[in-house]
Amino acid sequence: MTVPRIQLNDGHSIPQLGFGVFKVDPAETERIVSDALEVGYRHLDTARIYGNEEGVGRAVAASGIPREQLYVTTKLWNDDQGTQSVHDAFDASLERLGLDYVDLYLIHWPSPARDRYVETWHAFEELRDSGRVRSIGVSNFLVPHLERLLGESDVVPAVDQIELHPAHQQPATTAFAEEHGIAIEAWGPLGQGKYPLFELPEVADAAAAHGRSPAQVVIRWHLQRGHIVFPKSSTRARMAENFDVFDFELGEAEMQAITALEREGRVSSHPDEVN
Ligand code: NAD
C-alpha cells in the first residue's frame, strides 16, 4: 500500500497518512507502535507531553525499518518555550526517541500568555539549520498567531497542526495556510471519539454506499481535502481499518455533504486558552 506524500514548502515531503499516539499509555506504546509499523504506517506523531517518546523510539529501533523510510514528528511543550530551553528540550526529546534527527518538530501550542512563540520560532530555525530537524512547524496556531510569526520571521512554518474534522473545519486558518504554503495537519481527525461523527447520516450513508466503515469515510474525506492525518487507535484491527483507505474514493456529492457538516464543533481547548 503506497501512502501519498504531501510536498512541504521547504523541499521535504511527508506521508499523508500516519499514526498518532496522544493518550497512548507509555507502558503500552512500544507494543502499539510496533503493531502500527507492522500494519504499514511509516509516519508517527508524538510529543514530549504525551510521555511516550521512549516507547516510540523503542518500537522504531526494534522494527529494523531503515530510518529514511520513517517519518517522525515530536513537539515542544509550552513550558519549554524560550531560546536555551528549546535546545535543551529538543536534545532531551531526541535522546528519548533514540534518534539522531526528527523529520518534523512543532511548537505544540502558541501559548499567547507567555508571549514567547516568536523567540521560540527563532530557536526552531537554529535547530533546522543544525540538520537535526528536517522541517519545522507549528500546532494550534490560528490566523493572528501565524500573522505575527510571518511578520517577524523569514521562515514560513512547513505545517500547522490543528484540530480539524468535518464538524470543525477551521476555514479561516486553512485559507490563510493555503495562501502562505503551509500544509494542514488535522489532529483529532475522527473527532477524538467525542463528537458523534460516525452517526451522522452524511457519513453513515457514504459508508453504507461504499461498504466501508464510518471511520474510513471520515479519513477519506480528510485525504481528499488534502489534509495530513494520523488517527490514533490502540486496537490493531482499527489501525488496519484506518490504514485501508486507498482503494475507494468519495464522490463529489459525498464530499460536499460531509463538508457541509461544519458547525464549529471544537472538541478540545481554544488555542488562546492553553497556556
Ligand atoms: P482521533 O480523532 O484520531 O480519535 C481517536 C479515537 O477515535 C480513538 O481513541 C478511538 O476511540 C476512536 N477510533 C479510532 N479509530 C477508530 C475506528 N476505526 N473506528 C471507531 N473508532 C475509532 O483523535 P486523536 O488521537 O486526539 O488525534 C490523532 C492524533 O493527533 C493524536 O494521536 C496526536 O498524535 C495528534 N494530536 C495533536 C494535538 C495537538 O495539540 N497538536 C492534540 C490532539 C491530538
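Our subject is the structure that appears above.
Residues numbered from 1 in each chain as written. Predicted model: local features only at pLDDT ≥ 70, side-chain atom pairs only at ≥ 80, totals over all residues. Heavy atoms only, no water.

Chemist: Could you give me a rundown of the packing of aromatic side chains, with the residues and numbers involved?
Modeler: For the structure shown, the criterion picks out 9 aromatic pairs. With centroids separated by 4.7 Å and ring planes inclined at 50°, the aromatic side chains of Y41 and F243 adopt a geometry described as tilted. Separated by 202 residues along the polypeptide, Y41 in the loop between α1 (26-39) and β4 (43-45) and F243 in helix α9 (residues 236-243) bring together distant segments of the chain. A relative accessible area of 0% places Y41 in the buried class. Taking relative accessible area as the criterion, F243 reaches 4% and is therefore assigned buried. Considering the side-chain rings of W121 and F124, the 6.0 Å spacing of their centres and the 25° angle between planes classify their relative orientation as stacked. (Phe/Tyr/Trp six-rings, centres within 6.5 Å; stacked < 30°, edge-to-face > 60°. Helix = DSSP H or I, 4+ residues; strand = E, 2+ residues; numbered from the N terminus. Buried < 20%, exposed > 50% of the residue type's maximum accessible area, 1.4 Å probe, protein only.)

Chemist: Hey, could you go over the site of the ligand for me, with residue numbers and the actual values?
Modeler: Lining the immediate surroundings of the ligand are 25 residues, of which D45, S139, L190, Q192 and N242 lie closest. In the model, an oxygen atom of the ligand is placed 3.5 Å from a nitrogen or oxygen of the W187 side chain. For the ligand, an oxygen atom lies 2.7 Å from a polar atom in the side chain of Q192. Relative to its unbound accessible area of 830 Å², the ligand is 89% covered by the protein chains. When the residues that make up the shell around the ligand are grouped by side-chain class, the tally is 11 nonpolar, 9 polar and 5 charged. (Near = heavy atom within 4 Å. Polar contact = N/O pair within 3.5 Å; in protein donor to acceptor, adjacent residues only side chain to side chain. Areas by Shrake-Rupley, 256 points an atom, 1.4 Å probe, with all protein chains shown as cover. Nonpolar A, V, L, I, M, F, W, Y, C, P; charged D, E, K, R; others polar.)

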